[in-house]
Structures are given as structure tokens and as C-alpha cells.
Amino acid sequence: LKSITNKSLMELASLQGLKVEQRKISVDEIETFEEVAACGTAVVITPVSRFVRGDATIQIGDDPNAVGPTFASLYKKVRAIQTGDIEDQLGWTFDAFSS
């Protein structure tokens, strides 16, 4: 889905050298994924540990309560930019109190 958070995560992923695709996927393809996540303004990025379709459940990753390393890295980077802990090289932030 189109959103500022999704766009931001895709930009950061691309800068980190990850292949970024936006496309339809088949249910069968989900089983090949090492990490799956959902994104949004409030959570930034949250792991998806399983898909349920009818009687079938597809488990993603080894730990259903853990974020995978790729999405954990993206989350940390977004939050660090938002809090000013690292330089915003993409021009996303500005000082609202500067004159």
C-alpha cells in the first residue's frame, strides 16, 4: 500500500543495498520468505510471523515473537532519523523551531 512510512522504508532498504520490489505475490511464494512485516505510522514496522488461509498456516521465521535482522535494522534506522540520533541524509526532517 502507498504510504509515507512504506516509501521511507523502501528508500532506506534501497540505500542499504537491499533489492526493493513492489509487486503482487502468490500464497505459495510466502513460504520462501525469511521475513515479512507490515508498516504504518504508529508502529513503523512490525513483524508478521504467520499467515493463515483456511486450515493452512504458513510460519515465517524461527521465532514468532521476534523481528528479523533486516527489518530490525530498518526500524532502528528510521527511529534514529526521527529522533535526530543520526543525520537525516534524505531530507525528511526539519527543525520546526528554527527561525
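The structure this text deals with has already been given above.
A look at the pattern of salt bridges
For step 1, the next point in the chain: Summed over all chains, the structure comprises three salt bridges.
For step 2, the next point in the chain: The closest approach of N and O atoms between Glu21 and Lys19, which form a salt bridge, is 3.2 Å.
For step 3, the next point in the chain: What makes Lys19 exposed here is its relative accessible area of 72%.
For step 4, the next point in the chain: A residue is classified by how much of its surface remains accessible, and Glu21, at 42% relative accessible area, is partly exposed.
For step 5, the next point in the chain: Because the salt bridges share partners, they merge into one network encompassing Lys19, Glu21, Arg23 and Glu29.

Here's the deal with the pairing of strand β2 (residues 44-47)
Side chains on a regular strand alternate between the two faces of the sheet.
For step 1, the next point in the chain: Taken together, the four bridges between strand β1 (residues 37-40) and β2 define a ladder with antiparallel strand orientation. When the bridges of β2 are listed, Cys39 appears paired with Ile45.
For step 2, the next point in the chain: If you look at the hairpin formed by β1 and β2, you'll find three residues sitting between the two strands.

A short note on the nonpolar core
For step 1, the next point in the chain: If you look at the biggest cluster of nonpolar residues, it comprises eight residues: Leu9, Leu12, Ala13, Val44, Ile45, Leu74, Val78 and Ile81.
For step 2, the next point in the chain: When residues of this core are traced back to their parent elements, those giving at least two are α1 (4-15), β2 and α3 (69-83).

Looking at the side chain of Asp88
For step 1, the next point in the chain: Among the secondary structure elements, Asp88 is positioned in the segment after α3.
For step 2, the next point in the chain: We note that Asp88 is buried and unpaired, the nearest opposite charge coming from Lys77 at a distance of 9.6 Å.
For step 3, the next point in the chain: A polar atom in the side chain of Asp88 sits 2.5 Å from the backbone nitrogen of Trp92.
For step 4, the next point in the chain: Dropping the residues within four chain positions of it, Asp88 is found in contact with Ile81 and Thr93.

Considerations on the pairing of strand β3 (residues 50-53)
For step 1, the next point in the chain: The pairing of β3 with strand β4 (residues 56-59) spans four bridges and is classified as antiparallel. Paired with Val52 across the bridge in β4 is Thr57.
For step 2, the next point in the chain: Between the end of β3 and the start of β4, which pair antiparallel, lie two residues, with Gly54 showing a positive phi angle near 65 degrees.

Regarding α3
For step 1, the next point in the chain: The first and last C-alpha atoms of α3 sit 21 Å apart over 15 residues, in line with the 21 Å expected at 1.5 Å per residue.
For step 2, the next point in the chain: Taken together, the buried positions of α3 are occupied by Leu74, Val78, Ala80 and Ile81. Seen along its axis, α3 keeps its buried residues to an arc of 165 degrees; they face one direction. Facing away from the buried side of α3 by more than 90 degrees, the exposed set consists of Pro69 and Lys76.
For step 3, the next point in the chain: Check the buried side of α3 and you find it contacts α1 and β2.

Here is what the cut-offs are and how they apply
- Residues numbered from 1 in each chain as written.
- Predicted model: local features only at pLDDT ≥ 70, side-chain atom pairs only at ≥ 80, totals over all residues.
- Heavy atoms only, no water.
- Salt bridge = Lys/Arg side-chain N within 4 Å of Asp/Glu carboxyl O.
- Buried < 20%, exposed > 50% of the residue type's maximum accessible area, 1.4 Å probe, protein only.
- Pairing = 2+ DSSP bridges.
- Helix = DSSP H or I, 4+ residues; strand = E, 2+ residues; numbered from the N terminus.
- Core = buried A, V, L, I, M, F, W, Y, C linked by side-chain atoms within 4.5 Å.
- Lys, Arg positive; Asp, Glu negative; His and termini not counted.
- Polar contact = N/O pair within 3.5 Å; in protein donor to acceptor, adjacent residues only side chain to side chain.
- Contact = heavy atoms within 4.5 Å.
- Expected span 1.5 Å × (residues − 1).
- Arc of directions from axis to C-beta.

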